[in-house]
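# Structural overview for review
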Amino acid sequence: MDKSNSGFSEAGLRRLRDVLARHVESKKIPGLVALVSRGGQTHVEALGTMRHDGGAPMRRDTIFRMASTSKPVTMAAAMILLDECRLRLDDPVDPWLPELADRRVLKRPDGPLDDTVPAQRPITVRDLLTSTFGLGVDFTLMDSPIRAATFERTDYSVASGPAPDPDEWMRRLGELPLSYQPGVRWQYDLSNEVVGVLVARVTGQPLETFLRERILDPLGMKDTAFHVPADKIDRLPPLYGPDPQTGEFLVWDEAAGGRVSRPPAFQGGGGGLVSTVDDYHAYFQMLLNHGMHGSERILSRPAVELMTTNRLTPEQQAARDAMYRNIAHITVGQGQQGGWGFGMAVRTYRGDYAPIGQFGWDGGTGTTTYADPDNQLTGILLTQVGMSTADSPRLIHDFWSTLYQAIDD
């Protein structure tokens, strides 16, 4: 049977609904919205409620904080600049990001911040797009001075208050040495925030403005943005971070009056988007269609191929594998699928039910979104439960395991 024309089995979709419902009925996940699509067939489940104590039901158009699942979408802005030759992969970023010129690099990644050597070369566009520019979250360096200093200057998570404007953020980042020489080691997250600033400076527009003109509006992603306006705030649930000890639902961020209820000073390319299952479906379907949305080209075919295939060298890959292997118990296996493209993970070996070549990522707010070229499949699961406990990672794991069993060929 031609894979591209077939979808899911009815029995498989029933099982998927049952597995998702079990998580909601467990009272660990108040609600969720899931979208699965294959071969032109799209199926959506909206289960549970917006709040942990009941209230309005989850709906297909519920808006979620995407957290790190923002990365694959915001990265498209940089790909357009590559397509238009306004950026080149191996050009230094110094002309646009002078704060990152003339870097110092720690002699030892866990050493004191003043024990440095000069960088062997400038940071390039490629280093930023592959998350190898020399700084970022490194699960092997959690107790190091550079981790503490980076966290203090550049982290604006739920707990730490809003970020300053991009120029001030870059100034603070520029005060730090790199933990590794440019291009040597894959490290998580920080590079995506820098890419957002790079796009804004190259285009002379805020990241969101450029993203909207070139990606979001052409794809009809009308609910995707860096904040939720007042006329849509009733569609946003609170964000919960269950207490790791007791499981009690603690509110990380309210809807009305919360972090995403107003435009941020810093539009975070690494984790700042809000969106819906249908918006994300449009984006990942465009990637599966090699950059096309209907008859309109959004990204070039080679740009999509660059984003969605592994970009890491064997040495970078080995370090990334080791980093995630040591925290597997926290992530229930997320991040262990092998490679990394631009802004997303790419499976380079088969370790569970998903095949090699699947691409996408997960978010710390309990979000997951991947596409699979082999099966022409997209899966999106959004919740309002952060990963402070294993409940949302387990739900995400069960979603993918059950979804792959629903493929009917």
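Residues numbered from 1 in each chain as written. Predicted model: local features only at pLDDT ≥ 70, side-chain atom pairs only at ≥ 80, totals over all residues. Heavy atoms only, no water.

This paragraph deals with unusual backbone geometry. Of note in the backbone geometry, Lys27 takes a positive phi value of approximately 70° without being a glycine. Mapped onto the secondary structure, Lys27 falls in the loop between α1 (10-25) and β1 (31-38). On the basis of relative accessibility, which here comes to 64%, the residue Lys27 falls in the exposed class. (Helix = DSSP H or I, 4+ residues; strand = E, 2+ residues; numbered from the N terminus. Buried < 20%, exposed > 50% of the residue type's maximum accessible area, 1.4 Å probe, protein only.)

In this section: the pairing of β1. Counting buried positions along β1 yields 8 of 8 residues, so the element is predominantly enclosed. Burial of the side chains of β1 extends over both faces: Gly31, Val33, Leu35 and Ser37 are buried on one face and Leu32, Ala34, Val36 and Arg38 on the other. Of the strand pairs in this sheet, β1 and strand β2 (residues 41-51) are connected by 8 bridges, and their pairing is antiparallel. Note that in β2 the partner of Ala34 across the bridge is Glu45. Adjacent in sequence and paired antiparallel, β1 and β2 are bridged by 2 residues, among which Gly39 carries a positive phi angle near 55°. Summarising the sheet, β1 and strand β16 (residues 377-383) pair through 7 bridges and their orientation is antiparallel. The residue of β16 that forms the bridge with Val36 is Gly379. (Pairing = 2+ DSSP bridges.)

According to the stated counting rule, one finds 29 salt bridges in the structure shown. With a shortest N-O distance of 3.1 Å, Arg65 and Asp253 are connected by a salt bridge. With Arg65 in strand β4 (residues 64-65) and Asp253 in strand β8 (residues 251-253), this residue pair connects regions lying 188 residues apart in the sequence. When sorted by exposure, Arg65 lands in the same class as Asp253, which is buried. Linking Asp91 and Arg88 is a salt bridge whose minimum nitrogen-to-oxygen distance equals 2.9 Å. (Salt bridge = Lys/Arg side-chain N within 4 Å of Asp/Glu carboxyl O.)

Let us look at helix α4 (residues 145-154). Buried within α4 we find Ile146, Ala149, Thr150 and Thr154. Projected down its long axis, α4 shows its buried positions confined to an angular sector of 100°, all on one face. On its buried side, α4 packs onto β5 (104-106), α5 (166-174) and α6 (190-203). (Arc of directions from axis to C-beta. Contact = heavy atoms within 4.5 Å.)

Enumeration over the complete set of coordinates arrives at 13 aromatic pairs. Their ring planes at 35° and their centres at 4.9 Å tell us that Trp169 and Phe266 sit as a pair that is tilted. Remark: Phe266 occurs in the loop between β8 and β9 (274-275) and Trp169 occurs in helix α5; sequence separation between them is 97 residues. Across the pair, Phe266 and Trp169 agree in class, each one buried. The interplanar angle of 65° and the centroid separation of 5.2 Å between the aromatic rings of Trp186 and Trp340 together place this pair among those described as edge-to-face. (Phe/Tyr/Trp six-rings, centres within 6.5 Å; stacked < 30°, edge-to-face > 60°.)

Once that is clear, we can look at the sheet that holds strand β15 (residues 367-372). Strand order in the open sheet formed by 8 strands is β3-β2-β1-β16-β15-β14-β13-β12, and the pairing between neighbours is antiparallel. Edge positions in the open sheet fall to β3 (54-57) and β12 (338-340), since each of these has one partner strand only. Taken over all neighbouring pairs, the strand axes of this sheet differ in orientation by 20° on average, direction set aside. Summarising the sheet, β2 and β3 pair through 2 bridges and their orientation is antiparallel. Residue pairing in the sheet places Arg51 in a bridge with Gly54 of β3. Packing of helix α10 (residues 314-325) onto the sheet brings it into contact with β12, β13 (345-347) and β14 (359-363), and relative to β12 it is tilted by some 115°. Strand contacts of helix α12 (residues 391-405): β1, β14, β15 and β16, with the helix running at about 155° to β16, the strand carrying the most contacts. (Axes fitted to C-alpha atoms, helices over the stretch in contact; angles between N-to-C directions.)

Counting 74 residues, the largest nonpolar core has Tyr283, Leu287 and Leu299 as its most contacted members. Sort the elements by how many residues they give to this core and helix α2 (residues 71-83) lands first, with 9 residues. When sequence neighbours within four positions are dropped, the list of residues in contact with Leu287 reads Leu299, Val304, Met307, Thr308, Met344 and Phe359. Counting residues in hydrophobic clusters, the runner-up holds 35 residues, among them Leu13, Ala354, Trp361 and Leu381. (Core = buried A, V, L, I, M, F, W, Y, C linked by side-chain atoms within 4.5 Å.)

In this structure the tally under the stated criterion is 2 cavities of 30 Å³ or more. Roughly 60 Å³ of internal volume is contained in the largest cavity. Looking at the largest cavity, the residues that line it are Leu135, Gly136, Asp138, Leu141, Ile146, Arg147, Thr150, Ser179 and Gln187. Of the volumes computed, that of the second largest cavity is approximately 40 Å³. When residues of the lining of the second largest cavity are traced back to their parent elements, those giving at least two are α2 and α6. By residue number, the principal contributor to the lining of the second largest cavity is α6, which donates 3 residues. When its residues are assigned to classes, the lining of the second largest cavity shows 3 nonpolar, 4 polar and no charged. (1 Å grid on protein atoms, 1.4 Å probe; cavity = no way out; pocket = protein on both sides within 12 Å on 5 of 7 lines; lining within 4 Å. Points joined across faces, edges and corners; volume = space filled by probe spheres on them. Nonpolar A, V, L, I, M, F, W, Y, C, P; charged D, E, K, R; others polar.)

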